[in-house]
Amino acid sequence: MVPLMARAQANFVCQSCGTVSSKWSGKCEACGGWNTIVEEGARLPAGAGSRKPARGRAFALEDLKTEDDAPPRRIMGLPEFDRVCGGGLVPGSALLVGGDPGVGKSTLILQALAAYARLGGHAVYISGEEAMAQVRLRAARMGLGDAPVALGSATGVEDILATLEQGKPPGIVAIDSIQTIWTSALEAAPGTIAQVRTASFDLVRYAKASGAAIILVGHVTKDGQIAGPKAVEHLVDAVLYFEGERGHHFRVLRAVKNRFGPTDEIGVFEMTGLGLAEVPNPSALFLGDRSSVSPGAAVFAGLEGTRPLLVEVQALVAAAGYGTPRRAVVGWDSGRLAMILAVLEARAGLGVSGNDVYLNIAGGLKVGEPAADVAAAAALISSFAGRSLPRDCVYFGEISLAGDVRAAPQAELRLKEAVKLGFTRAIVPAGTNADVKGLVLESVKDVGELAVLVAGEAQTMSQRGRVRS
Ligand code: TYD
Ligand code: MG
């Protein structure tokens, strides 16, 4: 019988996609990346030297049945964060918080730990990036200096585990960041996929064994992956992204994976001079001041997880200078814009193929919901026709390639939020039956009807000589 692993074998691992190969090459065959392959030492095999593979120990198999129906939660005392996690952290679980460098991950984690510690929990913060003095300064600036958080500065996973295992067992442990943590069991440099994966695995195993909830902070690379660990995402129970546009104060914490709660849930924060402030009513914030409305602005009655959220969609259709017309999108999907423009052109006679088109979601929010189609289309038609939309109207609905306006889920929830913020009209997909006091509903069944409604009459557009059909 051939032993499976006779010696520690060097692996060549692509740092961008994680593919392992047996020899080095300049280009990764799997993802096509250049100069991404790095030699990484494998973990020393347990039975190295002995020829016999270790014999397994049998373990008992059990029922699916459980006495307690929901996992107990550890409330952190930062309500927006708790809600995104599904109502607090689950003991023994691991959570990955990813985000661009500088977005405010360390600030968020420190605030969460301080809140938890102030509620009487035992919170441990291990910083691998910042010195203790830096963390203390930041805490003092945010007014958290007196919170009983246990602080440590370390990068070796063995040291961290040894520290955690002695003394009072922690309720929550945060590791900031996972890219700085390394294990001496591997020869690879810190930050490589192998190190990040192995260190995360050890930390997650500690969480499961000890019942502590562990928060791993991870930086996202340029192309939007959590550096190294896509490899970590499957190890942890929940993955949260902390997002925010540069130049905006708003930060959105978004659950993209959660084994114990809903995904698509968001928490909204504002970055202030004193750390992050929670925003319990984000619609008012994202809408801002709408006292004067110019053509091209439409309010989308959106939904983020279980929470309704109104945002302004802004469009600008302008005469193209020369060459290929420009298309630029901020906060929305550019493929989606191309599709809406094509549908408007084919089904509503809106000929913009020669124009520059810009689309922006106000406030630095990213919108992924298909129900934003109608608001985007309304904004585009409004800008094209040079007519402002009524200030007190909201829009939602998905647009199909055939130009039909499709229903969107949770219409009533969206409309109630609109009423709360003083809106009195809503353009909704045909067949929406929501009974919301104080709101006049106008239903549209396709983009043609929408264009007529938005531009006043189709004539407006043909007078401008741009209608194709
Ligand atoms: P940080 O939490 O260090 O980001 P990350 O850990 O994601 O890299 O936050 C860094 C930014 O936040 C920095 O540009 C300054 C800003 N900030 C404030 O505006 N106010 C504050 O109170 C703090 C602590 C940071
Ligand atoms: Mg940081």
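Counting restarts for each chain, with residues numbered from 1 along the sequence as it is written. Chain A is the first chain written and ligand 1 is the first ligand written, with later ones labelled in order. Reporting in this predicted model follows two pLDDT cut-offs: at least 70 for local features of residues, and 80 or more for side-chain atom pairs to be given and counted; totals over whole chains, interfaces and linings ignore these cut-offs and use all residues. Values reported for side chains reflect all heavy atoms of the structure, with hydrogen atoms and water molecules removed beforehand.

**Some details on the nonpolar core**
Stated precisely, the cut-off is as follows: Here the nonpolar core consists of buried residues drawn from Ala, Val, Leu, Ile, Met, Phe, Trp, Tyr and Cys, with membership extended through side-chain atoms lying within 4.5 Å. Classification of residues uses two cut-offs on accessible area relative to the type maximum, computed with a 1.4 Å probe and protein chains only: under 20% is buried, over 50% is exposed, and between them is partly exposed. Every helix listed is a DSSP run of H or I at least four residues long, and every strand listed is a run of E at least two residues long, numbered separately from the N terminus. Two residues qualify as a contact provided that any one of their heavy atoms is within 4.5 Å of a heavy atom in the partner residue.
By size, the foremost hydrophobic cluster in this structure holds 67 residues, and its most contacted members are Phe300, Trp332, Leu344, Leu380 and Tyr395. Counting residues per element, this core draws most heavily on helix α8 (residues 373–385), which supplies ten residues. When neighbours within four sequence positions are excluded, Trp332 is seen to be in contact with Leu337, Ile340, Leu359, Ile361, Val367, Glu369, Ala372, Asp373 and Ala376. By size, the runner-up hydrophobic cluster in this structure holds 36 residues, among which are Leu108, Ala114, Ala117 and Val135.

**Here we look at the pattern of salt bridges**
Selection rule: One side-chain nitrogen of Lys or Arg within 4 Å of one carboxyl oxygen of Asp or Glu is enough to make a salt bridge.
The tally for this structure, following the rule as stated, stands at 18 salt bridges. Put simply, Arg259 and Asp237 hold a salt bridge, and the shortest N to O gap is 2.8 Å. Of this pair, Arg259 sits in the loop between β10 (250–258) and β11 (266–272) while Asp237 sits in the loop between β8 (213–219) and β9 (238–243), and the two are 22 residues apart along the sequence. The exposure class of Asp237 is buried, given its relative accessible area of 5%. Taken together, the shared-partner salt bridges connect Glu80, Arg83 and Arg307 into one network.

**A closer look at helix α7 (residues 334–348)**
Where we set the bar: Here a helix's expected span is defined as the number of its residues, less one, multiplied by 1.5 Å. Think of the arc as the fan of directions from the helix axis to the C-beta atoms.
End to end, α7 covers 20 Å across 15 residues, agreeing with the expected 21 Å (1.5 Å per residue, within 8%). Inspection of α7 places Leu337, Ile340, Leu341, Val343, Leu344 and Ala348 among the buried residues, and these make up the whole buried set. Seen from one end, α7 has its buried residues packed into an arc of 165 degrees, which puts them on one side. After α7 finishes, the residue Gly349 shows a positive phi value of roughly 70 degrees.

**Describing the site of ligand 1**
What counts, and what does not: A single heavy atom is enough: if one lies within 4 Å of a molecule or strand, its residue is considered near that molecule or strand. The definition of a polar contact used here is a pair of N or O atoms within 3.5 Å, where within protein one atom must be able to donate a hydrogen and the other to accept one, and adjacent residues in sequence count solely through side-chain atom pairs. Residue-level accessible areas treat just the shown protein chains as cover; the underlying method is Shrake-Rupley with a 1.4 Å probe. Under the grouping applied here, Gly and all other residues not named as nonpolar or charged are polar, the nonpolar ones being Ala, Val, Leu, Ile, Met, Phe, Trp, Tyr, Cys and Pro and the charged ones Asp, Glu, Lys and Arg.
Taken together, 16 residues lie around ligand 1, and Gly102, Lys105, Ser106, Thr107 and Gly275 are the ones closest in. At a separation of 3.4 Å, an oxygen atom of ligand 1 approaches a polar backbone atom of Val103. Arg138 is positioned with one of its side-chain polar atoms (N or O) 3.1 Å from an oxygen atom of ligand 1. About the coverage of ligand 1: the protein hides 73% of its 560 Å² of free accessible area. Breaking the shell around ligand 1 down by element, the ones donating at least two residues are α2 (105–118), α3 (132–141) and β11. With three residues, α2 is the single largest residue contributor to the shell around ligand 1. Class assignment for the residues of the shell around ligand 1 results in five nonpolar, seven polar and four charged.

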